[in-house]
Amino acid sequence: MGILEKMSLAGKKGFVTGAARGIGKCTAKAFAEAGADIAIVDLDLETSLQTAKEIAEATGRKVIALKCDVTSEAEVQAMVDAVVEQLGGLDFCHANAGICINAPADEMTYAQWKKNLDVNLNSVFLTDTIAGRYMLAHGGGSIINTASMSAHIVNVPQPQCAYNASKAGVIQLTRSLAIEWAKRGVRVNSISPGYIGTDLVLQSQTLIPLIEKWNAMAPMGRLGKPEELESICVYLAGDTSTFTTGSDFIIDGAFTCF
Ligand code: NAD
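Below is a short write-up of the structure.

A side chain with one charge can pair with a side chain of the opposite charge if their charged atoms come near. This structure, assessed with the given rule, holds 8 salt bridges. Glu-33 is the partner of Lys-29 in a salt bridge, and the nearest nitrogen-oxygen pair spans 2.9 Å. Linking Lys-29 with Glu-33, this pair stays in helix H2 (residues 22–33), spanning 4 residues, or about one helical turn. Here Asp-37 makes a salt bridge to Arg-61, at a shortest N to O gap of 3.2 Å. Separated by 24 residues along the polypeptide, Asp-37 in strand S2 (residues 37–42) and Arg-61 in the loop between helix H3 (45–59) and strand S3 (63–67) bring together distant segments of the chain. The class of Asp-37 is buried, set by a relative accessible area of 10%.

Set out below in structure tokens:
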């Protein structure tokens, strides 16, 4: 069997959170292109339905859309149950939903801090443990979490202490689960993207003016594209990465190298 065949996700079933648009939409499409059936999971059902239709038409795979607030334990449990029922199982997932609320620490409200931590970190605990429980009981699986280069560096000039702390937490959660589940067939890894040109950046009135400054600091002089994160996620979801767990993959065009 050749390497491309070994990397195929044919017969596998998975879900991606925050998949209506952006990075999640892109990895969901890549998983489907690699042969998997996929659930598009997001707060925004209308866009998710459109995304699911687009990916199903482009790939011929079964692609469903599920509305879910990843900060709600009950909704995440219902979503995982629906994935298993509608797709017929669960082999991998990508916990990717996230937000970025920037404010100087001395002006940040506790509510803003908690919202950032809730959507970016507590949701990953819920998604990973609820999906993980199913995988542990059904022969194993692979979990991919979206962290960020902000887990490794403090971005400047924008003040984003809550985002940075939440993403650092995602990496340590990933490593902790990887160790707990290493002998039980469930692998847990994370990706740490650099600045990527998605709505999170391109539709944010506070972030748009900073793009030129980031590009001036970036060794490659540009933002990354969501497509530049696809193949690592397909690798992590599939069976050529069976010795890879507890790892974080920084994909940032060398932004964090200096
Ligand atoms: P995006 O804003 O384009 O997409 C995020 C999606 O998550 C949206 O569809 C949104 O509806 C959904 N979402 C938000 N809150 C949710 C909730 N409570 N429940 C369910 N869905 C919810 O963002 P993106 O750039 O594609 O970011 C995806 C992930 O990548 C995030 O975790 C983000 O922190 C991370 N990331 C992004 C960048 C970047 O520069 N864009 C860099 C590093 C890491």
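Moving on, we come to the sheet that holds strand S6 (residues 186–193). Taken in spatial order, the 7 strands make up an open sheet running S3-S2-S1-S4-S5-S6-S7, and their pairing is parallel. At either margin of the open sheet sits one strand with a lone partner, and together these are S3 and strand S7 (248–251). Neighbour-to-neighbour, the strand axes of this sheet turn through a mean angle of 15°, independent of strand direction. Bridge analysis of S2 against S3 gives 5 bridges, and the strand direction is parallel. Note that in S3 the partner of Ile-38 across the bridge is Val-63. Across the sheet, helix H9 (residues 230–237) touches strand S4 (92–95), strand S5 (141–146), S6 and S7, and the angle it forms with S6 is around 170°.

Let us look at the site of the ligand. Every one of the 27 residues lining the ligand counts as a neighbour, but Arg-21, Asp-42, Tyr-163, Ile-196 and Thr-198 are closest to it. At a separation of 3.1 Å, a nitrogen atom of the ligand approaches a polar backbone atom of Val-70. The backbone of Ile-196 places a nitrogen or oxygen atom 2.8 Å from an oxygen atom of the ligand. Surface burial for the ligand is 94%, taken as the share of its 840 Å² of free accessible area covered by protein chains. Among the elements that take part in the shell around the ligand, helix H7 (residues 199–202) stands out by supplying 3 residues, more than any other.

The next thing to look at is helix H4 (residues 73–87). Between its first and last C-alpha, H4 extends 21 Å over 15 residues, near the 21 Å set by a 1.5 Å rise per residue. All buried positions along H4 are accounted for by Val-76, Met-79, Val-80, Ala-82, Val-83 and Leu-87. The buried residues of H4 all sit within an arc of 160° when viewed along its axis, so they share a single face. Those residues of H4 that are exposed and angled more than 90 degrees off the buried face are Glu-73, Ala-74 and Glu-85.

So, on to the environment of Thr-244. By secondary structure assignment, the location of Thr-244 is in the loop between H9 and S7. Take Thr-244: its relative accessible area is 11%, and that puts it in the buried class. Separated by 66 residues in the primary sequence, Thr-244 and Ala-178 have C-alpha atoms spaced 9.5 Å apart.

Another point: the nonpolar core. Membership of the largest hydrophobic core comes to 38 residues, with the highest contact counts inside it found for Phe-15, Ala-39, Leu-66, Val-76, Met-79, Val-83 and Leu-90. Among the elements that line this core, the one with the most residues is helix H5 (residues 110–137), at 8 residues. What Met-79 contacts, discounting residues up to four positions off in sequence, is Phe-15, Thr-17, Val-41, Leu-66 and Cys-68. In this structure, Ala-32, Ile-40, Ala-65 and Ile-232 belong to the second largest nonpolar core, which totals 23 residues.

Glancing now at the packing of aromatic side chains. Enumeration over the complete set of coordinates arrives at 3 aromatic pairs. With a centroid separation of 4.7 Å and an interplanar angle of 55°, the aromatic rings of Phe-31 and Phe-92 are classed as tilted. Taken together, the residues span a long stretch of sequence, with Phe-31 in helix H2 and Phe-92 in strand S4 at a distance of 61 residues. Accessibility assignment for this pair places Phe-31 and Phe-92 in one class, buried. Relative to Phe-255, the ring of Tyr-195 has its centre 5.4 Å away and its plane inclined at 85°; by these criteria the two rings are edge-to-face. In this pair, Tyr-195 is assigned in the loop between S6 and H7 and Phe-255 in the segment after S7, connecting sequence segments 60 residues apart. With respect to burial, Tyr-195 and Phe-255 carry one shared label: buried. Connected via pairs of aromatic rings, a cluster forms that spans Tyr-195, Trp-214 and Phe-255.

Conventions used here
- Residues numbered from 1 in each chain as written.
- Predicted model: local features only at pLDDT ≥ 70, side-chain atom pairs only at ≥ 80, totals over all residues.
- Heavy atoms only, no water.
- Salt bridge = Lys/Arg side-chain N within 4 Å of Asp/Glu carboxyl O.
- Helix = DSSP H or I, 4+ residues; strand = E, 2+ residues; numbered from the N terminus.
- Buried < 20%, exposed > 50% of the residue type's maximum accessible area, 1.4 Å probe, protein only.
- Pairing = 2+ DSSP bridges.
- Axes fitted to C-alpha atoms, helices over the stretch in contact; angles between N-to-C directions.
- Contact = heavy atoms within 4.5 Å.
- Near = heavy atom within 4 Å.
- Polar contact = N/O pair within 3.5 Å; in protein donor to acceptor, adjacent residues only side chain to side chain.
- Areas by Shrake-Rupley, 256 points an atom, 1.4 Å probe, with all protein chains shown as cover.
- Expected span 1.5 Å × (residues − 1).
- Arc of directions from axis to C-beta.
- Core = buried A, V, L, I, M, F, W, Y, C linked by side-chain atoms within 4.5 Å.
- Phe/Tyr/Trp six-rings, centres within 6.5 Å; stacked < 30°, edge-to-face > 60°.

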